[in-house]
Amino acid sequence: MKRRSFVKLSAVGLVASIVKPALAADEDMISDPLFPSYDGEAKMISTWSHGQEANRAGWKLMEEGKSSLEAVEAGARHTESDITNRSVGIGGMPDREGHVTLDACIMDWNSNCGSVGFLEGIAHPVSVAKHIMQNTPHIMLVGAGAKQYALKNKFETIKTPLPEVKKEWEKWKKEQAAIAKKPEINHENHDTIGLLAIDDQGRISGACTTSGWAYKLPGRLGDSPIIGSGLFIDQEVGGAVATGLGESIIRIAGSHTVVELMRQGKSPEQACKETVERLIRKHKDMSGLQCAFIAINTKGEVGGYSVFNGFNYALKTKNQDVLVDTLFDRKW
Ligand code: ASP
């Protein structure tokens, strides 16, 4: 085929796929032999203690018969709206110039995914990511383009930083903290929410949303909006999400690594552990380098593991609503 006609055809294809998404997220694919029927129970796991409330918000939807995709979105939205949370959504910490820039992504059992990065002034980045996934041929929009897309599609706007967050930032500015100083990531008030859910049909979805590293350089993206780093789902195997120092997680494509280790037969916990060990091998300076992964497989088994002690994840099932402390490689 001549290049010109190929370009012409591609353009037609692009327009067609803008009009109609490649694969509707809720389209059922359970009849596919790759996806045997699921006889386990629905389950939701989310990073850190704020994951408990997020799980409850998502669980409500699964109880109403909605999919794991709707559940992880609802859970993420709940945390994005929490004005007391300093690491996600409206209450998030700004970059060093005082701008709160949000990153999020979402992925479903059909390997559909969407992502936004460096998005300012929009209440629910996770829903923008889902909208991109379901309505465009693209996966990732960032910065001004992502904002334009969100506004055009009438997503709710917010004013950030919140006054109390702005005060903290002004104090920090006065102290002239150096950018080389690594953040204290292991504190309960500074961590991404990553969510994974399996619904009663066995469909696995995940989402991740964050304001990222407080006082980061403007334009910085961490792992959280990057499919394969902050989140990865493969319905043949399972899914994983990450939290912690994004630069380290990107370096080893963390969530994808967890899923690939599960593909090799490792349990979710073992896969998270080996991924943490790989991450540690790639870093000489471990100061402040807290990272953690949680994972779920197609049997509905879950697990997690962290570099340092202090990490936990929230688990919700029909009969359980608990926080689980994970095992870790080392103590602070
Ligand atoms: N992973 C996030 C980032 O690097 C931060 C976090 O999980 O605390 O942006």
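Keep in mind it's a predicted model, so treat the numbers as computed, not measured.

## Re the packing of helix α2 (residues 50–63) against helix α3 (residues 68–80)
The axes of two packed helices give the description: the angle between them and the distance between them.
For step 1, the next point in the chain: For the pair α2 and α3, interaxial distance at closest approach is 7 Å and the crossing angle is 140°. It follows from the interaxial angle that α2 and α3 lie oblique. Classified by chirality, the crossing of α3 by α2 is right-handed. Contacts between α2 and α3 involve His50, Glu53, Ala54, Ala57, Gly58, Leu61 and Met62 from the first element and Ser68, Glu70, Ala71, Ala74, Gly75, His78 and Thr79 from the second.
For step 2, the next point in the chain: Taken together, the residues of the contact of α2 with α3 break down into six nonpolar, six polar and two charged.

## Remarks on the nonpolar core
Across soluble globular proteins, you tend to see nonpolar side chains buried next to one another.
For step 1, the next point in the chain: Formed by 44 residues in total, the largest nonpolar core has its most connected members in Leu196, Val258, Leu279, Phe293 and Val307.
For step 2, the next point in the chain: The biggest single contributor to this core is strand β9 (residues 291–297), with six residues.
For step 3, the next point in the chain: Within the second largest apolar cluster, 30 residues are counted, among which are Ala54, Val126, Ala129 and Leu195.

## Considering the sheet that holds strand β10 (residues 302–308)
For step 1, the next point in the chain: Strand order in the open sheet formed by five strands is β7-β8-β9-β10-β13, and the pairing between neighbours is mixed. The sheet is open, and its two borders are formed by β7 (231–234) and β13 (327–330), each paired with just one other strand. On average, each strand axis in the sheet is inclined to that of its neighbour by 15°, with strand direction left out of account.
For step 2, the next point in the chain: Here strand β8 (residues 238–244) pairs with β9 via seven bridges, running antiparallel. Opposite valine 241, over in β9, you have isoleucine 294 as the bridge partner.
For step 3, the next point in the chain: Along the sheet face, helix α8 (residues 254–263) touches β7, β8 and β9 and points at about 145° away from the line of β8.
For step 4, the next point in the chain: Strand contacts of helix α9 (residues 268–281): β9, β10 and β13, with the helix running at about 25° to β10, the strand carrying the most contacts.

Definitions and cut-offs
Residues numbered from 1 in each chain as written. Predicted model: local features only at pLDDT ≥ 70, side-chain atom pairs only at ≥ 80, totals over all residues. Heavy atoms only, no water. Axes fitted to C-alpha atoms, helices over the stretch in contact; angles between N-to-C directions. Helix = DSSP H or I, 4+ residues; strand = E, 2+ residues; numbered from the N terminus. Parallel < 35°, antiparallel > 145°, perpendicular 65-115°, else oblique. Left-handed = near helix turned anticlockwise from the far one by under 90°. Contact = heavy atoms within 4.5 Å. Nonpolar A, V, L, I, M, F, W, Y, C, P; charged D, E, K, R; others polar. Core = buried A, V, L, I, M, F, W, Y, C linked by side-chain atoms within 4.5 Å. Buried < 20%, exposed > 50% of the residue type's maximum accessible area, 1.4 Å probe, protein only. Pairing = 2+ DSSP bridges.

Don't take any of this as a statement about function, it's just geometry.
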